[in-house]
Amino acid sequence: MSVKTVATKPYLDQAPGTSGLRKKVPHFQQPNYVENFVQSIFDSLEGFAGKTLVVGGDGRYFNRETIQTVVKMAAANGFGRLVVGKGGILSTPAASALIRSLGAFGGLILSASHNPGGPDGDFGIKYNIGNGGPAPEKITNAIFARTRTIDAYRIVEAPDVDLDKLGQTRLGAMTVEIVDPVADYRKLMERLFDFAAIRAMFANGFTMRFDAMSAVTGPYAKAILEGALGAAPGTVINGEPLPDFGGHHPDPNLVHAKHLYDLAMSADAPDICAASDGDGDRNLVIGRGMFVTPSDSLAMIAANAHLAPGYAKGISGVARSMPTSAAADRVAAKMGVSAYETPTGWKFFGNLLDADLVTICGEESAGTGSNHVREKDGLWAVLMWLNIVAARKQSVADIVRAHWASYGRNYYSRHDYEEVDAAGANALMGSLRERLPTLKGRRFGALTVAEADDFAYHDPVDGSDSARQGVRLIFADGARIVYRLSGTGTAGATLRVYIERYEPDASKQEIETQTALADLVALSRSIVGIEQHTGRAEPSVIT
Ligand code: VG1
Ligand code: CO
């Protein structure tokens, strides 16, 4: 088997964002674009000779081609074993689980998550380390630096590997192993949750609809919900992963999964409706007549996790990303466990989980997870809710209302101004950052700014610092407006505005969310001049 060294020139735009490198498919299809990035990853790592690399993706367009490239480059760079999900499929949480159970050196996950796929859609490559989690900034910074100087990559000349045939083959000195993408993950879920109780609940007439959005979760959801748990056939819809997700936007939010929301609010709603995103790490949970916001879901899972066998001993702590509502903090305080606030992106939870400072983590962007892997996990969150409902023998709506009554409700919404002009968005953030010192103490109608800062994080485990992670305006009554620019978009800039207000009074907890937040929403626009800077009077997506 001959190893070729191929000369190449750097691309200057290969900076990993919130979750790996994400670009449009045609961008990735430029000559050597994938090869440069993959070689830069390998060049930034040490000590992997003879070790195992896990590779898989969400099945989107360009997944298979990229896997073939990775296989040949991994062999040329000296990995000993490459483990790939059959058909090139591995959900993000399943890849994380596999890296951990195999004791692999790391893994490459190919996905652009909830962004559309297809020839003109999005693609992405992310490196995960041996704990199963996204590489920390120290590594992603090194990878980016390498992409800017790279002058050659290594690849073996060999025919493509058959990704659809289970079993082992050899490529030079490296073993290539095609594995069932679901088996390992399913066993892990069986260990964490009370499958017998959930199965009995389905046998007694509990109903569910799970929309896999023609993305990666279909095979997992069918095997676990309809297979192991006995949910009625047809519970899982859009269960076949398609390279273009059927032309849909596989983002499980109230905009792109509106049909599910409408079903959950209808007269013949199932007991629970749920969905997951392109790569299977996000979740949407809607009980009959009751949407559970992701921030609330995190708090409620933290409060009830002990009902699941895998968490019966209790939790060590809870972490949330800074823009996520503070609902989980109240649970942690009452339980007497620690609460951490991190920058956006799952990579910041890894150290806290490894050090057992926290058990449960979550983000407002429909991500929840635990120490079972080092990624957020969509199906895990859904199974956790099923376990909680089975154990409490209450509806989702009753559990949510009981939680608000005892902890208070954090009204919460995120307003996204998507694909706006990048210069305008940067100017908005720049001028807001400049004005920060002058905002503290100022009054806007009934609202007084108590704190105004740019969030900075000091990692208590490795001592690393991450600055400029989002601007927070915190008001005297604890309400918040947070501004940050997305790090996952592939066109223009996306301004995210996060709005939150706490309501302890149980008689005022059933107001429609946008109504409850109306004053803050209006201020969120006027205070920074969103329309002047972006040309948008209204957000494109409200979740
Ligand atoms: C978004 C979310 C963030 C999440 C990230 C990756 O990032 O806000 O919470 O961790 O996507 O999720 P940003 O930088 O666009 O706000 V996924 O499911 O796209 O891997
Ligand atoms: Co995702």
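What counts as what
Residues numbered from 1 in each chain as written. Chains lettered and ligands numbered in written order. Predicted model: local features only at pLDDT ≥ 70, side-chain atom pairs only at ≥ 80, totals over all residues. Heavy atoms only, no water. Near = heavy atom within 4 Å. Polar contact = N/O pair within 3.5 Å; in protein donor to acceptor, adjacent residues only side chain to side chain. Nonpolar A, V, L, I, M, F, W, Y, C, P; charged D, E, K, R; others polar. Donors = N, O, S within 2.8 Å, 3.2 Å for Na, K, Ca; no water. Buried < 20%, exposed > 50% of the residue type's maximum accessible area, 1.4 Å probe, protein only. Phe/Tyr/Trp six-rings, centres within 6.5 Å; stacked < 30°, edge-to-face > 60°. Helix = DSSP H or I, 4+ residues; strand = E, 2+ residues; numbered from the N terminus. Pairing = 2+ DSSP bridges. Axes fitted to C-alpha atoms, helices over the stretch in contact; angles between N-to-C directions. Core = buried A, V, L, I, M, F, W, Y, C linked by side-chain atoms within 4.5 Å. Domains from an automatic or database assignment. Contact = heavy atoms within 4.5 Å. Salt bridge = Lys/Arg side-chain N within 4 Å of Asp/Glu carboxyl O. Parallel < 35°, antiparallel > 145°, perpendicular 65-115°, else oblique.

A. Local environment of the site of ligand 1. Within the structure, ligand 1 sits among 20 residues, and Thr18, Ser113, Ser365, Ser486 and Thr488 are positioned closest to it. Between ligand 1 and the protein, one listed contact pairs an oxygen atom with a side-chain N or O atom of Glu363 at 2.7 Å. Within the side chain of Lys376, one N or O atom sits 2.8 Å away from an oxygen atom of ligand 1. The residue inventory of the shell around ligand 1, partitioned by class, reads no nonpolar, 10 polar and 10 charged.

B. Geometry of the coordination of the cobalt ion (ligand 2). Distances from the cobalt ion (ligand 2) to its protein donors, Ser113 (OG), Asp277 (OD), Asp279 (OD) and Asp281 (OD), fall within 2.0 to 2.1 Å. Here the donor residues of the cobalt ion (ligand 2) are spaced in sequence according to S-x163-D-x1-D-x1-D. By relative accessible area, which is 3% here, Asp279 ends up buried.

C. Just the packing of aromatic side chains, in detail. Counted by the stated rule, this structure contains 15 aromatic pairs. Aromatic side chains Phe28 and Tyr33 sit 5.5 Å apart centroid to centroid with 90° between the ring planes, which places their arrangement in the edge-to-face category. Judged by its relative accessible area of 1%, Phe28 falls in the buried class. Taken together, a centroid distance of 6.4 Å and an interplanar angle of 70° make the contact between Phe79 and Phe105 edge-to-face. Of this pair, Phe79 sits in the loop between α3 (63-77) and β4 (81-89) while Phe105 sits in the loop between α4 (92-102) and β5 (106-110), and the two are 26 residues apart along the sequence. You'll find Phe79 and Phe105 in the same group, each marked buried. A network of ring pairs unites the aromatic residues Tyr11, Phe28, Tyr33, Phe62 and Phe123 as a single cluster.

D. Spatial organisation of the sheet that holds strand β9 (residues 174-179). Strand order across the open sheet formed by 7 strands is β2-β6-β5-β3-β4-β9-β8, with mixed pairing between neighbours. Because the sheet does not close on itself, it has two edges, and the strands there are β2 (21-24) and β8 (167-171). On average, each strand axis in the sheet is tilted by 20° relative to the strand beside it, whichever way the strands run. Alignment of strand β3 (residues 52-57) against β5, held across 5 bridges, turns out to be parallel. When the sheet's bridge partners are listed, Val55 is paired in β5 with Leu108.

E. Region of interest: the nonpolar core. Counting 75 residues, the largest nonpolar core has Met189, Phe193, Phe210, Leu225, Trp380, Trp385 and Leu386 as its most contacted members. A per-element tally of this core places helix α13 (residues 378-392) first, with 11 residues. Among the domains, domain 1 (2-181) and domain 2 (185-407) are the pair contributing at least three residues each to this core. In this structure Phe193 touches Ile198, Ala308, Pro309, Tyr311, Trp380, Leu383, Met384 and Asn387, once residues within four positions along its chain are discounted. Grouped together as the second largest cluster of nonpolar side chains are 45 residues, Ile41, Val55, Phe62 and Leu82 included.

F. Quick look at the domain arrangement of the chain. According to the domain assignment, the chain contains domain 1 (2-181), domain 2 (185-407) and domain 3 (409-542). The straight-line distance from the C-alpha centre of domain 1 to that of domain 2 is 28 Å. With 33 residues of domain 1 at the interface, the matching set in domain 2 holds 33 residues. Where domain 1 packs against domain 2, one counts 1 salt bridge. Connecting domain 1 to domain 2 are 13 residue pairs in polar contact (both at pLDDT 80 or more). Looking at the side of domain 1 that touches domain 2, the elements that each hand over two or more residues are α4 and β6 (122-129). Here the side of domain 1 that touches domain 2 takes 6 residues from α4, the largest share from any one element. In terms of residue class, the side of domain 1 that touches domain 2 is built from 11 nonpolar, 17 polar and 5 charged.

G. Structural context of the environment of Leu260. By the element assignment, Leu260 lies in helix α9 (residues 258-264). Residues Leu260 and Leu436 lie 176 residues apart in sequence; the distance between their C-alpha atoms is 41 Å. Leu260 has contacts with Arg209, Asp211, Cys273, Ala274, Ala275, Leu284 and Ile286, leaving out every residue within four places of it along the chain.

H. Up close: the packing of α13 against helix α14 (residues 396-407). It is the contact of α13 with α14, at a shortest axis distance of 10 Å, that shows an interaxial angle of 85°. If you check the angle between α13 and α14, you find them roughly perpendicular. In this structure, α13 uses Trp385, Ile388, Val389 and Arg392 to contact α14, whose residues at the interface are Val396, Ile399, Val400 and Ala402. Residues that form the contact of α13 with α14 fall into these classes: 7 nonpolar, no polar and 1 charged.

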